[in-house]
Amino acid sequence: MDTNSKIMRLNIFITSILLSTIVYGQTSIKDINLKAGKYKVGFKHYTIKDSTRTYRIHNEFNNQLIERPVPISIWYPATIEDNNSEQLTVLNYLEILKEEEEWKDLPNYFLLDWFHYLPNTAQNKAHLSEKVNAYSNPTLLSGNFPIVVYASSYQASSIENFALCEYLASNGFVVISSPSKGTDTRWLEGATTKDMETQSRDVEFLLKEIYNYKNIDTEKVALMGFSFGGLSNAITVMKNKNINAIVSLDGAERYNYPVLEQSPYFNLDNFTIPYIHFSQKEIPKEVLRNDKIPAELNYKFQLYDSLKYSNVYRYRFHDLTHSYFSSFGVLFANRDKRQDKSDEKIMASYNLLCLHILQFLNATLKNKKKANDFIENKSVENGFSESLISKQTKKAVEKEFSYKDFNDLAYKQDYQDLILLYKRTIAEYPNLELQEGMLNTLGLRLSFNKNKIKQGVNVFLLALHLYPKSANLYDSLAEAYFYNKDYQNAILNYKKSLKLNPENQNAIDRLKQLKD
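Residues numbered from 1 in each chain as written. Predicted model: local features only at pLDDT ≥ 70, side-chain atom pairs only at ≥ 80, totals over all residues. Heavy atoms only, no water.

Caption draft 1: Region of interest: the packing of aromatic side chains. Within this structure, the stated rule accounts for 19 aromatic pairs. Residues Tyr39 and Phe145 carry aromatic rings whose centres are separated by 5.6 Å and whose planes lie at 85° to one another, so their mutual orientation is edge-to-face. Of this pair, Tyr39 sits in the loop between helix H2 (29–32) and strand S2 (40–55) while Phe145 sits in strand S7 (residues 145–151); the two residues are 106 residues apart in sequence, bridging distant segments of the chain. Ring geometry for Phe401 against Tyr429: centres 4.3 Å apart, planes inclined by 15°, an arrangement best described as stacked. Within this pair, whereas Phe401 is found in the loop between strand S14 (389–394) and helix H15 (403–412), its partner Tyr429 is found in the loop between helix H16 (418–428) and helix H17 (436–447), the two being separated by 28 residues in sequence. Put simply, the rings of Phe43, Trp75, Tyr93 and Phe162 touch in pairs and so form one group of aromatic residues. The cationic tip of Arg314 hangs over the ring face of Tyr304; the distance from NZ or CZ to the ring centre is 5.1 Å. Its end group placed over the ring of Phe482, Arg510 keeps NZ or CZ at 4.0 Å from the ring centre. (Phe/Tyr/Trp six-rings, centres within 6.5 Å; stacked < 30°, edge-to-face > 60°. Helix = DSSP H or I, 4+ residues; strand = E, 2+ residues; numbered from the N terminus. Lys NZ or Arg CZ within 6 Å of the ring centre and 35° of its normal.)

Caption draft 2: Main features of a nonpolar patch on the surface. Taken together, Trp103, Tyr109, Phe110 and Trp114 make up a surface patch of nonpolar side chains, about 480 Å² in accessible area. Inspection of the secondary structure puts Trp103 in the loop between helix H3 (90–100) and helix H4 (111–114). (Patch = residues over 30% accessible without salt bridge, like charges linked within 9 Å, V, L, I, M, F, W, Y side chains within 5 Å. Areas by Shrake-Rupley, 256 points an atom, 1.4 Å probe, with all protein chains shown as cover. Salt bridge = Lys/Arg side-chain N within 4 Å of Asp/Glu carboxyl O.)

Caption draft 3: Structural detail: the pattern of salt bridges. On inspection of all chains with the given rule, the structure shows 17 salt bridges. Notably, a salt bridge pairs Lys241 with Asp408, separated by 3.5 Å at the nearest N-O pair. Here Lys241 is found in the loop between helix H8 (228–239) and strand S10 (245–249), whereas its partner Asp408 is found in helix H15, with 167 residues between them in sequence. Overall, the relative accessible area of 60% leaves Lys241 in the exposed class. For Asp408, a relative accessible area of 32% puts it in the partly exposed group. We note a salt bridge from Lys452 to Asp414, for which the minimum N-O separation is 3.3 Å. In this pair, Lys452 sits in the loop between H17 and helix H18 (453–466) while Asp414 sits in the loop between H15 and H16, placing the two residues 38 residues apart along the sequence. (Buried < 20%, exposed > 50% of the residue type's maximum accessible area, 1.4 Å probe, protein only.)

Caption draft 4: Main features of the environment of Lys35. Relative to the helices and strands, Lys35 resides in the loop between H2 and S2. Its relative accessible area of 72% is what places Lys35 among the exposed residues. Sequence separation of Lys35 and Trp103 is 68 residues, and the distance between their C-alpha atoms is 34 Å.

Any functional reading would require information that these geometric values do not contain.
Quick look at the structure:
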């Protein structure tokens, strides 16, 4: 079987509900028993447009192109004032699903008939009126909250994991999400590299959107994705340096690794942040055989195995099949009696999954010691039997820290306080070498940019801290001052250059020019 055929079969497996040998679930939100944190939860949903891309509404069956709409759901710690905010129900979330499926006028009584992953059962009808923990549109609480950007599974809604998102918001995180959809219309092509990169661009759009909010700590950002969203997040991390951690909920980077490798952005050396992957239970041989699923799905973790420069963690939840890594799956999905555990075990494991995600985010974004201990402990040390959760970890290999890496740090702080940055960096990476010529070139490039003159001067000051007897660096610094019409400092540094190299003709000529 060729690679594309394998990928397609895996996609069919991880994105659809098995329609044979099914039983109906008997669950409720209360049965999940997620213990909310100390914060009330606010929720907003709105749509903005990405003017850099065009899009077509598939269900309108015309050729009209519009600016790409990006629906956004956001959960956050909130101030709930009396009579100002309404507590939401599951139905309110499903009305967002209708909008994102581009069928907002669909009558609510068709909800459980129209969408195949919401079977029309008495149990599922009962969910619609259930209260959730979020309130509609209250004020974001004052503070400085870390951000989690959630990438949805294949062709899925921004609110597919609403219970988890509410749980994280109640514990002091802001969670922002958008639906997974195709490049040109709502429909994806089949979990292709193009689909992955389209969702990655949507994630990057959300990374920009968070800057429009106050009380969000944009220096503490994690990505979290379920299934296909995990694949898109992996490539996003390889393209962006402003992400601190990544959470994969049975992510398709395990199932569809070739799709990741085919991207021009694929570069494992750029993946240097903590990564945690939660995987489903082993698939029984009967299911593998009858559904023609490759056996390697049970044991192959190629991204986990390939990462070198990250601290990586891999958990297997032995009571969860793939569908139950989302709130929708736990509440609405039909159960496959060939492999699914009881509702009680599914909900208990989903609860523990949410707890482990919270601890990982508390460790990586909030630097909480107890959370870090929890993540570093073996599962049995945290009180969980290995028949319930098993775990593997792999520590990062120390990456050689280069001039380019230092320049990335300098750029991030706009080339301010460079001597202090160098002292901190050299203490951690004693083999770091900043070559005089590279610093000189960088200083000149910045100095001749009218908007970056001060930054260029800062680079020269660092260079002279390292190479105090360089006539060439003093001459270049003088040129930066000269270009900025700071003639007093220019004269001072041309003279310093001449003192070190009396034959510096450029300094001689400039001093004559300035004297005249």
